[in-house]
Amino acid sequence: QATILRTADQLGFDGFPALQEALQGVINERVSILSQLDLAATEEKKQGSATDEIAKVLNLHEANLQKTFRQLDAEKIKRVASILLEADRVAVVGMRSSSAVAHCLGFNLSFIRGNVQVFNSDYMLLEYIASMSPADALVVSSFSRYTMAAIEVARTAKQKQCKVVAITDNMTSPLIAIADESFVVSTTSRHINHSFVAAIAVVDAILTLITRAGQQ
C-alpha cells in the first residue's frame, strides 16, 4: 500500500483514489479506441466510397471541435494569452505525437515575441527548466498515454513557481492537478492515433488573443 501511495504522489495525484480514477479513465478510453477500430474495420468491409470515408473523418473532426468549444472558457484563454505575452521566457513542451501541438504554438508564438523555446524530446529540457524563474512560463501538451517526462517537467516548473499551462484530453490527466491553467480537448479519432484538430484550434485561439493584446 505504501508503494502505491508513493507512486500516486510521484505521478502528481492527490492520493490513491485520484490515481485509480485516472487509470479507469485510461482503461475506458482504450476500450473506446478498440471499439472505434472494430467499427472502422466493419465499415471498411462495407466498401464505402472514398468520399464517404472522407466525410466520416471530417464529421468526427467537427464533433471534436464542437465538444471542445462547448466546454471552452473564453476568460481562461484571455488569462493564458496574458501569461504567455508577459512571461520573460516561454518553454513549450510536447513529446511523441503531442509535438505537433507544441510546434504549432511555439513556432507561431516565436513570431509574436522573443525568448520562446520548443522541446519535443527531453534533450536539454530538464536543464532549461532548472534555469527557469517565477517570471517564466511553461506550456505542456500531453495526451493519453501521458508522457512521464512531460509530467515531471510540469511538476518541476511548478515547484519553481513558474506559470504552467496544460493542453490535455481528460480531466483525469495528471497535468490537471499541476497546471495553473488547463485546456481539455476532444481527441477522438477513427484510428489508433489522436485527432489534434481541436487542440490546434485552441492553440489558434490563444495565438489570436496574444496577437490582439500585443497590438494594443
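Since the model is a prediction, treat every value here as computed from it, not as a measurement.

(A) Inspection of the packing of aromatic side chains at higher detail. On inspection of all chains with the given rule, the structure shows three aromatic pairs. Summarising the aromatic geometry, the rings of F119 and Y128 are spaced 5.2 Å apart at their centres and angled 55° between planes, so their arrangement reads as tilted. For R89, the ring lying beneath its charged end belongs to Y128, and the centroid distance is 4.8 Å.

(B) Quick look at the sheet that holds strand 1 (residues 90-94). One open sheet holds the five strands; their spatial order is 2-1-3-4-5, and the pairing between them is parallel. Each end of this open sheet is capped by a strand with a single partner; those strands are strand 2 (116-119) and strand 5 (181-184). Between one strand axis and the next, the sheet turns through 10° on average, direction left out of account. As paired strands, strand 1 and strand 2 are joined by four bridges and run parallel to one another. In the strand pairing of strand 2, V90 is matched with V116. Set on the sheet, helix 4 (residues 74-86) makes contact with strand 1, strand 3 (137-141), strand 4 (163-168) and strand 5; between it and strand 5 the angle comes to about 125°.

(C) Layout of the pairing of strand 1. Among the five residues that make up strand 1, five are buried, leaving the element largely enclosed by the rest of the structure. By the alternation rule, side chains of strand 1 split into V90, V92 and G94 and A91 and V93, which are all buried. In terms of strand pairing, strand 1 meets strand 3 through five bridges, oriented parallel. Directly across from G94, in strand 3, lies its bridge partner S141.

Each value, and the rule that gives it
- Residues numbered from 1 in each chain as written.
- Predicted model: local features only at pLDDT ≥ 70, side-chain atom pairs only at ≥ 80, totals over all residues.
- Heavy atoms only, no water.
- Phe/Tyr/Trp six-rings, centres within 6.5 Å; stacked < 30°, edge-to-face > 60°.
- Lys NZ or Arg CZ within 6 Å of the ring centre and 35° of its normal.
- Pairing = 2+ DSSP bridges.
- Helix = DSSP H or I, 4+ residues; strand = E, 2+ residues; numbered from the N terminus.
- Axes fitted to C-alpha atoms, helices over the stretch in contact; angles between N-to-C directions.
- Contact = heavy atoms within 4.5 Å.
- Buried < 20%, exposed > 50% of the residue type's maximum accessible area, 1.4 Å probe, protein only.

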